[in-house]
Amino acid sequence: LAKTPVPHVEPTEDQAQVPYDFPVLAAVVILLGLGSLMVYASTINEATLEFGDGAARLKIHLLHVLVGITVLTFGMIFPYRRWRKLVYPGLFITVGLLVLVMVVGRTAGNARRWITLPGFSLQPAEVAKLAFVIFLAYSLAKKAGQIRRFGPAFVPHLLVCGILIFLCLFQPDFGTCIILVTLMFVMLFVAGTKLSYITLFVFVGAFLVFQAVASNDMRLGRVLAFIDPWAYRTGTGYQMVNSLIAIGSGGWQGRGFMEGTQAQLDYIPEQHTDFILTVIAEEFGFLGATGLLLLWAAILAWGLYIAGRSTSLFGRFAAVGCVATVAFFILFNVAMVLGLAPVIGVALPLLSYGGSAIVTTLVALGLLLNVSMRRYVF
C-alpha cells in the first residue's frame, strides 16, 4: 500500500524556525564569567572593609546574573511578534518609574537614579532605553510607507524621546539622554528617513547638548577635565588620570589577575562599575582588553547579520535597536575610560557591576536571539 504523504506545514511566526545561536550564547556566558571575576577583583578590598566579606559584592552580582539569565531565556522563547502588544504598556510603566525615582529614589554620587527593592536596585533609565528601542521598532515598522515624510518620521518619535529625556534630566542622567537621542537617529536612518532631516536635527541636538553642558557646572567641569585631565587631577580629572595610569601600567600582557596596583589600592573611583575596563586593562593588558572588545564586536556583527536576514520589519528594527544600544554603551564606555570622551557614567555591558544594566542588556540579547530563531528564510 502506498503511504499517504504527510503535508508540509510552514512554521508560523510564533514557532522557532531554526535552533538558537549557540556561539552567541557561549560568548555571552564567557563575558558574564569574566565580568564576575573582575567584579570580585575590583571589590574584594572595599567589600572586606565594608561588609567583612570580600565576596559580598560578587554574591550580589551573581544574583543579578541569575536574574539576567532568566530574562534572557524569556526573551528568547517569548515570540517577538507578541512584543508589539507590550509597546505602550511598557512606555507607560517606564514613564511611571522615571517619575517614581524622583520621589522615592536613592541618591548616590549627586544623582537620584535608583529605586531600592528587596535585594535589588532598579535603575529606570536602563528600562527606558529598552522600552524606547521596542517603541521605535514598532512605530517605524508601522509607518514604513510614510517614513520619508517629516511628520510620521519625526513627530511621534521626538515626542516620546523628549518626554524620556525630560524625566532623565531630573535625576540627572545626561549619559542616558545622549544614548536615547543617538538611538533614535540611528534607527530613523536605518528605516530610510531622509538624511537631510536627520542632519538638521543632529545640528539642533548638538546645539542643545552644548547649552546643557555650558549651563551646568558639573557637566562643564567634566568637559574641562576631559580636555586637560592632568590640570584637574586632584578634582574632576582624578578618575580619568588614574584610569590612564592603570591602563598604561598594564602594558601588553598585564600585571596578572588581582595584581593591578591602581585597582587593588582603590585609586580608581567606581572601578567595579563604569571603569571596570580599566581594571581589565591593568590586570590582563592590551591583549586581554582587545580580545574582550573583539568578542563583543563579533556578537554585534552577528546581530547586524540577524537584522539583515529578518523578513519582518519589526524584527529587523528591533534587532538593529538592540545591537545599537549595546554598541553605544561599549563605545561610550571605552571612550570614557581611554580619555577620549568626558565621564558620563556609562557601564560596560555584562561586565560592570549593576543589576539593571545586566538585566536589560540580557533582555536585549534575548530579543535578538528571538529574531534570529524566527527569521531565517532559505
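Criteria and thresholds
Residues numbered from 1 in each chain as written. Predicted model: local features only at pLDDT ≥ 70, side-chain atom pairs only at ≥ 80, totals over all residues. Heavy atoms only, no water. Axes fitted to C-alpha atoms, helices over the stretch in contact; angles between N-to-C directions. Helix = DSSP H or I, 4+ residues; strand = E, 2+ residues; numbered from the N terminus. Parallel < 35°, antiparallel > 145°, perpendicular 65-115°, else oblique. Contact = heavy atoms within 4.5 Å. Nonpolar A, V, L, I, M, F, W, Y, C, P; charged D, E, K, R; others polar. Left-handed = near helix turned anticlockwise from the far one by under 90°. Buried < 20%, exposed > 50% of the residue type's maximum accessible area, 1.4 Å probe, protein only. Polar contact = N/O pair within 3.5 Å; in protein donor to acceptor, adjacent residues only side chain to side chain.

A word on the packing of helix H5 (residues 150–169) against helix H6 (residues 174–191)
In contact at an axis separation of 9 Å, H5 and H6 are set at 170° when each is read in the N-to-C sense. Judged on the interaxial angle alone, H6 and H5 are roughly antiparallel. Two secondary-structure elements touch here, H5 through Ala153, Phe154, His157, Leu158, Cys161, Leu164, Ile165, Cys168 and Leu169 and H6 through Phe174, Thr176, Cys177, Leu180, Val181, Met184, Phe185 and Leu188. Looking at side-chain class alone, the contact of H5 with H6 contains 15 nonpolar, two polar and no charged residues.

Some thoughts on the packing of helix H11 (residues 276–309) against helix H12 (residues 313–337)
Close contact between H11 and H12 brings their axes to 10 Å; oriented N to C, the two are set at 160°. In this view, H11 runs roughly antiparallel relative to H12, as classed from their interaxial angle. By crossing handedness, the relation of H11 to H12 is classed as left-handed. Mapping the contact onto sequence places Leu277, Thr278, Leu293, Trp296, Leu300, Gly303, Leu304 and Ala307 in H11 and Arg316, Ala319, Val320, Val323, Val326, Ala327, Ile330, Asn333, Val334 and Val337 in H12. Taken together, the residues of the contact of H11 with H12 break down into 14 nonpolar, three polar and one charged.

Some points on the side chain of serine 352
Looking at the secondary structure, you find serine 352 in the loop between H12 and helix H13 (355–373). Overall, serine 352 belongs to the buried group, its relative accessible area being 3%. One polar contact links the side chain of serine 352 to the main-chain carbonyl oxygen of threonine 273, over a distance of 2.4 Å. Side-chain polar atoms of serine 352 contact the backbone nitrogen of leucine 348, separated by 2.9 Å.

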